[in-house]
Amino acid sequence: MKKTLGLVSLSFVTASILAACGGGNGGDKTADKEPQTLIISTFGLEEDKMQEDVFKPFEEKYNVDIVLETGTSSERLTKLKSNPNSTVDVIELSQSNAADGVSAGLFEKIDSKNVPNMDNLIDSAKDLSADGSGPAYTLNSIGIVYNKKAAGKEIKEWDDLWDASLKGKISIPDITTTFGPAMLYVASGHKKVELTSDKGKAAFEAITDLAPNVVKTYSKSSDLANMFQSGEIAAAVVGDFAVPIITESNPDVAYVVPESGTYANFNTINVNKNSKNKDLAYKYIDWRLSQEVQEKTAVSLNEAPTNKNVVLDEETAKNKTYGDVAERTNKVDSLFVNKNLESWINQWNRILNK
């Protein structure tokens, strides 16, 4: 019996070797191929967790080597605009920057024929990509993170940031960051004026009033953890995706989303129209939108899901634009922002970045 089993085993091994060498019809035809390279331009936040939950499993499934280009959304879009022959295949951007890239004709149009999971997106994300723009893989919004003891008061609403007792104690996102324009919506709301009605005039009056309280504007939300740790700031306006980075190292810091509402941003994925790897890029986008991956990234990366099949428990939903918080979000008009941004940057810098 042992001899017969050995012969069967040997025959199986021999057949497997032949199949792997192309001698059989049932083998994996990609097994011996060199891995394809996919170049992804992304934010670079929590890169170790991205490797574990997103990149490495995709590489193993599709025999791919992923190469990353990291930086802020605006930096990476500017780089692509200045070099349309860039070798970047896939680019992850904030909603506003993605709209700018679409207007500049940088991206391939995408639909569910190539990315089936687009059919599983929540309605607001579907609306965003209805014109062929890249789909949204997460939704985030802003709130206030603060140290109550250092602030010397409880902060519940946006208007509280203008309190004179917070002089030199707060940080806000720079105008060129993902949530910089949202800060203008907050400021305009402080003046009880709709931002689009006066192209930001009231907003900049409010920013001027706020300036004494702002010790620093920031470009990378990860820098806020050190600023709280050192006591440089007592409060900040921040996107919810960065809350765990701040609160994990600063247990006295709490996060609050004002009951009056917040401002939302979708992070999207687009394909460079000059990419030589479009089919592989579509596979990556479909992977990023899948229920399997979004269930993982909701936990590890604090990303609110855009796949409607993902259901979060109460603990996982905490600090995300999901459920009740999602219902209180207001839209940022990316096309309006982009038309006015150059003028706004100049005004912003004169007031805050002297």
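Conventions and cut-offs
Residues numbered from 1 in each chain as written. Predicted model: local features only at pLDDT ≥ 70, side-chain atom pairs only at ≥ 80, totals over all residues. Heavy atoms only, no water. Helix = DSSP H or I, 4+ residues; strand = E, 2+ residues; numbered from the N terminus. Buried < 20%, exposed > 50% of the residue type's maximum accessible area, 1.4 Å probe, protein only. Contact = heavy atoms within 4.5 Å. Areas by Shrake-Rupley, 256 points an atom, 1.4 Å probe, with all protein chains shown as cover. Lys, Arg positive; Asp, Glu negative; His and termini not counted. Charge placed at Lys NZ, Arg CZ, Asp CG, Glu CD. Expected span 1.5 Å × (residues − 1). Bend = angle between axes of the 7 residues up to and from the residue. Polar contact = N/O pair within 3.5 Å; in protein donor to acceptor, adjacent residues only side chain to side chain. Salt bridge = Lys/Arg side-chain N within 4 Å of Asp/Glu carboxyl O. Core = buried A, V, L, I, M, F, W, Y, C linked by side-chain atoms within 4.5 Å. Pairing = 2+ DSSP bridges. Axes fitted to C-alpha atoms, helices over the stretch in contact; angles between N-to-C directions. Parallel < 35°, antiparallel > 145°, perpendicular 65-115°, else oblique. Left-handed = near helix turned anticlockwise from the far one by under 90°. Phe/Tyr/Trp six-rings, centres within 6.5 Å; stacked < 30°, edge-to-face > 60°. pLDDT = per-residue confidence, 0-100.

On to the overall build of the chain, then. If you tally the helices and strands in the chain, you get 16 helices and ten strands. For the C-alpha atoms alone, the extent of the chain along its principal axes is close to 90 × 45 × 35 Å. When burial is assessed residue by residue, the chain has 49% of its 354 residues classed as buried. Expressed as a percentage of contacts within the chain between residues at least 6 apart in sequence, the contacts between residues at least 24 apart total 72%. Put simply, the chain shows about 17400 Å² of open surface, and 49% of that area lies on carbon and sulfur atoms. Of the side-chain charges in the chain, 39 are positive and 50 negative, and the distance between the mean point of each set is 2 Å.

All right, on to helix α16 (residues 334-352) then. Between the first and last C-alpha of α16 there are merely 23 Å, a value that for 19 residues lags more than 12% behind the 27 Å anticipated at 1.5 Å per step. Of all the bends in α16, the largest measures some 60 degrees and sits at L341. Residues of α16 that are buried: S334, F336, V337, N340, W344, W348 and L352. The secondary structure elements touched by the buried residues of α16 are α4 (95-103), β5 (170-173), α7 (180-190), α8 (195-198), α9 (201-210) and β6 (214-218). A distance of 3.3 Å separates the backbone nitrogen of L335 from a side-chain oxygen at the start of α16, and that oxygen is part of D333.

Applying the stated criterion across every chain, the model contains nine salt bridges. K81 is the salt-bridge partner of D100, the closest N and O atoms lying 3.2 Å from each other. Of this pair, D100 sits in helix α4 while K81 sits in helix α3 (residues 73-82), placing them 19 residues apart in sequence. Owing to a relative accessible area of 24%, D100 belongs among the partly exposed residues under this scheme. A salt bridge links K191 to D209; the nearest nitrogen and oxygen atoms lie 3.3 Å apart. One end of the pair, K191, is in the loop between α7 and α8; the other, D209, is in helix α9, and 18 residues separate them in sequence.

One finds I142, L161, I170, I172, L184, L210 and W348 to be the most contacted residues of the largest nonpolar core, which totals 38 residues. Of all the secondary-structure elements, those providing two or more residues to this core are β4 (136-147), β5, α7, α9, β7 (235-239) and α16. The biggest single contributor to this core is α7, with six residues. Filtering out sequence-adjacent residues up to four positions away, L184 remains in contact with I175, L195, A203, F204, I207, W344 and W348.

Covered by surrounding structure in β5 are I170 and I172 together with S171 and P173, the residues of both alternating faces. The pairing of β5 with β7 spans two bridges and is classified as parallel. Looking across to β7, one finds that I170 is bridged to A235.

Right, let's talk about the packing of helix α2 (residues 47-62) against helix α12 (residues 278-288) for a bit. Where α2 contacts α12, the axes come no closer than 11 Å and their chain directions differ by 135 degrees. Classed by the angle they form, the pair α2 and α12 counts as oblique. The element α2 and its partner α12 pack so that their crossing is right-handed. Contacts from M50, V54, F55, P57, F58, K61 and Y62 of α2 reach α12 at L280, K283, Y284, W287 and R288.

What follows deals with the environment of G200. Along the chain, G200 falls in the loop between α8 and α9. Sequence-wise, G200 and T268 are 68 residues apart; in three dimensions their C-alpha atoms are separated by 26 Å. Residues contacting G200, with those up to four places away along its chain left out, are L195 and W344.

Turning to the packing of aromatic side chains, a few remarks are in order. Across all of its chains, the model carries seven aromatic pairs by this definition. Between F58 and W287, the ring centres sit 6.1 Å apart and the planes meet at 55 degrees, which makes this aromatic pair tilted. Taken together, the positions of F58 in helix α2 and W287 in helix α12 put the pair 229 residues apart, joining distant regions of the chain. Assessed through its relative accessible area of 0%, F58 is described here as buried. For W287, a relative accessible area of 8% puts it in the buried group.

Attention now moves to α4. Taken together, the buried positions of α4 are occupied by Q95, S96, N97, A98, A99 and G101. Where α4 is buried, its residues touch α3, β3 (90-94), α5 (123-128), β9 (262-271) and α16. In the segment just after α4, G105 is the residue with positive phi, at about 70 degrees.

The next subject is the confidence of the model for the chain. Of all residues in the chain, 91% attain a pLDDT of 70 or more, and the chain-wide mean is 89. Throughout residues 1-29 the model reports pLDDT below 50, and contacts reaching past four residues in sequence, or to other chains, amount to five contacts.

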